[in-house]
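Observations on the model geometry
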Amino acid sequence: MTQLEQSDIFYPSSEVTEQANVAEYEKLYQYSVENREAFWAEQAENLNWFKKWDSVLDESNAPMYKWFDGGEINIVHNAVDRHVENANRNKMAIIWEGENGEKRNFSYNGLNREVCQFANVLKSMGVEKGDVVTIYMPQIPELIFAMLACAKIGAVHSVVYGGFSTEALASRIDDAHSRVLITADGGSRRGKKINLKAIANDAMKRSPSIEVCICVKNNELDVEMEPSRDFWLHDLKALPIAGSKCETEKTGAEDPLFILYTSGTTGSPKGMVHTHGGYAVYTSTTHRMIFDIKPQDRWWCAADPGWITGHSYIVYGPLINGATIMLYDGAPNYPYPNRWWQIIENYGINILYTSPTAIRGLMRFGERWPKKHDLSSLRLLGSVGEPINPKAWKWYHHVIGNDKCPIIDTWWQTETGGCMISPLPITPLKPGSATKPFFGNEISIVNDEGNEVGANEEGKLIIKNPWPGMARTVFKDEQRYKDLYWSQVDGKWRYLAGDSAKKDDDGYIWVIGRIDEVLKVSGYRLGTAEIEHALVSHPAVTEAAAIGLPHELKGNAIHTYVVIKEGMVGDKNLCNELKEHVGSEMGKIATPEDVQFVEALPKTRSGKIMRRVLKARALGQDEGDLSTLEE
Ligand code: PRX
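No experiment lies behind these values; they were computed from the predicted model shown.

Attention now goes to the site of the ligand. Surveying the vicinity of the ligand reveals 17 residues, the closest of which are Asp409, Thr410, Thr414, Arg514 and Arg525. Contact between the ligand and aspartate 409: a nitrogen atom at 2.8 Å from a side-chain N or O atom of the residue. At a separation of 2.9 Å, an oxygen atom of the ligand approaches a polar side-chain atom of lysine 520. Secondary structure elements with two or more residues in the shell around the ligand: helix H12 (308-320), strand S20 (407-410) and strand S26 (509-514). Considered class by class, the residues forming the shell around the ligand number 6 nonpolar, 5 polar and 6 charged.

Relative to the elements of secondary structure, glycine 101 occurs in the loop between strand S4 (92-98) and strand S5 (103-107). For glycine 101, a relative accessible area of 29% gives the class partly exposed. Separated by 452 residues in sequence, glycine 101 and leucine 553 place their C-alpha atoms 27 Å apart.

Our next topic: the sheet that holds strand S19 (residues 380-384). Backbone hydrogen bonds hold the strands of a sheet together, and the pairing may be parallel or antiparallel. Within the open sheet, the 7 strands sit side by side as S5-S4-S17-S16-S18-S19-S20. Their pairing is mixed. Edge positions in the sheet fall to S5 and S20, since each of these pairs with one other strand and no more. The average undirected angle you get between the axes of adjacent strands in this sheet is 20°.

A word on the sheet that holds strand S29 (residues 541-551). Strand order across the open sheet formed by 3 strands is S29-S30-S31, with mixed pairing between neighbours. The open sheet terminates on both sides in strands that have one partner only, identified here as S29 and strand S31 (594-597). If you compare each strand with its neighbour and ignore which way they point, the axes differ by 25° on average. Taken together, the 4 bridges between strand S30 (residues 555-564) and S31 define a ladder with parallel strand orientation. Counterpart to valine 562 in the pairing with S31 is phenylalanine 597. Packing against the sheet, helix H19 (residues 572-586) makes contact with S29, S30 and S31, and its axis sits at approximately 130° to S31.

This part covers the domain arrangement of the chain. Structurally, the chain comprises domain 1 (106-271) and domain 2 (522-630). Computed from C-alpha atoms alone, the centre-to-centre distance between domain 1 and domain 2 is 33 Å. Listed by partner, the interface residues are 16 residues for domain 1 and 14 residues for domain 2. For the pair domain 1 and domain 2, the summed buried surface comes to about 1100 Å²; carbon and sulfur atoms form 44% of the total. Its largest share of buried area at the contact with domain 2, domain 1 owes to Tyr161, Phe164 and Ser263, together 38% of the area lost on that side. Here domain 1 and domain 2 share 2 salt bridges between them. Among the salt bridges present, the one from glutamate 530 reaches arginine 172, with a minimum N-O distance of 3.2 Å.

The next subject is the UniProt feature "domain: AMP-dependent synthetase/ligase" (unreviewed entry) in the chain. UniProt annotation of "domain: AMP-dependent synthetase/ligase" (unreviewed entry) refers to residues 86-467 when read in the numbering used here. Helix makes up 30% of residues 86-467 and strand 23%, with an end-to-end C-alpha separation of 30 Å.

This part covers the packing of helix H5 (residues 75-85) against helix H7 (residues 141-152). Two numbers describe how H5 lies on H7: the axes approach to 9 Å, and their chain directions differ by 120°. Comparing the axis directions of H5 and H7 gives the class oblique. When you trace H5 past H7, the crossing you get is left-handed. Facing H5, whose interface residues are Ile75, Val76, Val80 and Asp81, H7 presents Leu148, Ala151 and Lys152. Counted by class, the contact of H5 with H7 contains 5 nonpolar, no polar and 2 charged residues.

With that settled, consider the UniProt feature "domain: Acetyl-coenzyme A synthetase N-terminal" (unreviewed entry) in the chain. Sequence positions flagged by UniProt for "domain: Acetyl-coenzyme A synthetase N-terminal" (unreviewed entry) are, in local numbering, residues 25-79. As annotated, residues 25-79 comprises 42% helix and 18% strand, and the C-alpha atoms at either end are separated by 27 Å.

Attention now goes to H5. Burial runs high along H5: 10 of the 11 residues are buried. Regarding H5, the residues found buried are Ile75, Val76, His77, Asn78, Ala79, Val80, Asp81, Arg82, His83 and Val84. In the core, the buried residues of H5 are packed alongside strand S3 (72-73), helix H6 (108-124), H7, strand S14 (256-262), helix H11 (277-290) and H12. Where H5 starts, the residue carrying a side-chain oxygen 2.8 Å from the main-chain nitrogen of valine 76 turns out to be asparagine 74.

This part covers unusual backbone geometry. In this chain, alanine 62 is followed by proline 63 through a cis amide linkage whose omega measures 5°. By the secondary structure assignment, proline 63 is in the loop between strand S1 (55-58) and strand S2 (66-69). Residues tyrosine 334 and proline 335 are joined by a peptide bond in cis, for which omega reads 0°. Phi is positive for arginine 190, which is not a glycine, with a value near 50°. Checked against the element boundaries, arginine 190 lands in the loop between strand S9 (187-189) and strand S10 (192-194). One non-glycine residue with positive phi stands out, namely lysine 476, at about 60°. Mapping lysine 476 onto the fold places it in the loop between strand S23 (473-474) and helix H17 (478-485). Exposure remark for lysine 476: the relative accessible area of 55% places this residue in the exposed category.

Parameters and conventions
Residues numbered from 1 in each chain as written. Predicted model: local features only at pLDDT ≥ 70, side-chain atom pairs only at ≥ 80, totals over all residues. Heavy atoms only, no water. Near = heavy atom within 4 Å. Polar contact = N/O pair within 3.5 Å; in protein donor to acceptor, adjacent residues only side chain to side chain. Helix = DSSP H or I, 4+ residues; strand = E, 2+ residues; numbered from the N terminus. Nonpolar A, V, L, I, M, F, W, Y, C, P; charged D, E, K, R; others polar. Buried < 20%, exposed > 50% of the residue type's maximum accessible area, 1.4 Å probe, protein only. Pairing = 2+ DSSP bridges. Axes fitted to C-alpha atoms, helices over the stretch in contact; angles between N-to-C directions. Contact = heavy atoms within 4.5 Å. Domains from an automatic or database assignment. Buried area = accessible area lost by both parts, 1.4 Å probe. Salt bridge = Lys/Arg side-chain N within 4 Å of Asp/Glu carboxyl O. UniProt positions renumbered as here; feature names shortened; annotations may be inferred. Parallel < 35°, antiparallel > 145°, perpendicular 65-115°, else oblique. Left-handed = near helix turned anticlockwise from the far one by under 90°.

Below, the structure is given as structure tokens:
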């Protein structure tokens, strides 16, 4: 660890730099921002287009930008079809392992067969181009087949993370008006079976739009199936309608590929809309350049496909690049804390991409678990989702990477579609900094007036340009998209990320955290509004507020304050009941750490809850300006 401890700058080894897909940063960066359209057009040439675009970037209706408009492409044509025609045909596309040790593998040819069959099943259920299909599944290969099957026929998938629960699922189905839901009987965690279908059934009671529910048999749970609405996938696949050939729909570059709901500052989650063309170009380019993918690599993004990281870097980016992807459905420390390290050794994983929370979680079991395994296949290590603290960075680098793998700390969001700030394998690293903007991106830190702040000063992170992977809108709410993210300074549009950050003297960017009512809990993005809504839906509660407070493992933990109805007793029992209630409405990840019963919540005179006051009080800090606080 010599170099790292002396200066806290890590210089990548020649072993990594000599074979890097991108050998130089500064010149190409300069070129990419001065010739943005040319740079992205060159990257787009790596994909197969049914018809070339008319314009690379259409700014005529900014900030409703269009990329590669007039072009015809289908992301599945690039992620699957073309590989079946080329040398990747028999290459492993997906290696899957379940928590109980079950293994399943799919070559690109096998993946194509599964996707075609699934697509034919969807067609037979009346799914058409543009329809939104909701998917609620464990991390099994069928989740990927379902996503690709939708995209193949031009339908739009809306994946709801399998760890979410009834209300979270129901509200997302409602917003999207989905007619079809794809789910499974259930999944497993730590040897315990989770009944997803039961949650889906409850959600369907609350969301009348679902007419068809396709259920994958996964964990053999005895589940309730409603005749004429619910069908087993294996029954449908046995029918003649589910042939193993299906033509890929020619979609427009700007046609919607998926909706992914994410929590924001206020109200209900926003359905961020991504497209077939720009998203394909952006995810595959970033995956190739940042993660340095080679044909012989085994790539493991240990996220859940149900979040943006999984969409972009388990499914689309890697498959477009013809990579072999690892998928593991289980807890990282089950049955023992060496499970991940065992997977890396068993399958010879070359690149691991995970979250600081996962690293901290495994770090607490000590070095002896990874030390049992040969991790020498690893070449690069990635991090995403929240700032990585230097202690976790150094452990990851030293213990897992044996001091030879660069830590690729990538900053981005559901809205950005792919990595926006990130080192390349050739970049000198500073633990805790996501380093420099990716090609084509100009990123600044500004004050409340919108002016750039000085070096090492904290401010708001903004992006000064459009990029192909950007979300195009909030589903059915263009105005909300414009209002939430875009503002104009000196006639130029800029994207406001909602994070605070600093740039140091070397131009390295250090992301500090959210400046809005979004919580990052174990890297998962949750909105205070949804947690509060779940609390208030309990009959004992009249008002509720949720805040995030620092937590050693989770980054942030949810702390809640509730006002209960007269006559109710705020005791330990009610506290536990409320925690469970939030868990069953929203999902376990949203379960509060703590519920405090209070007489009243601090509010502005116009009735807005002042969460920052609660936070300052909890942390024993100055409460700041209280002039707007009501009596
Ligand atoms: O606060 C930033 C944090 O995660 C937010 C985006 O969350 P989500 O849309 O769920 O996407 C997460 C995975 C791409 C950001 O606004 N964040 C993400 N990556 C980093 C990060 N914060 C610091 N460093 C990162 N590398």
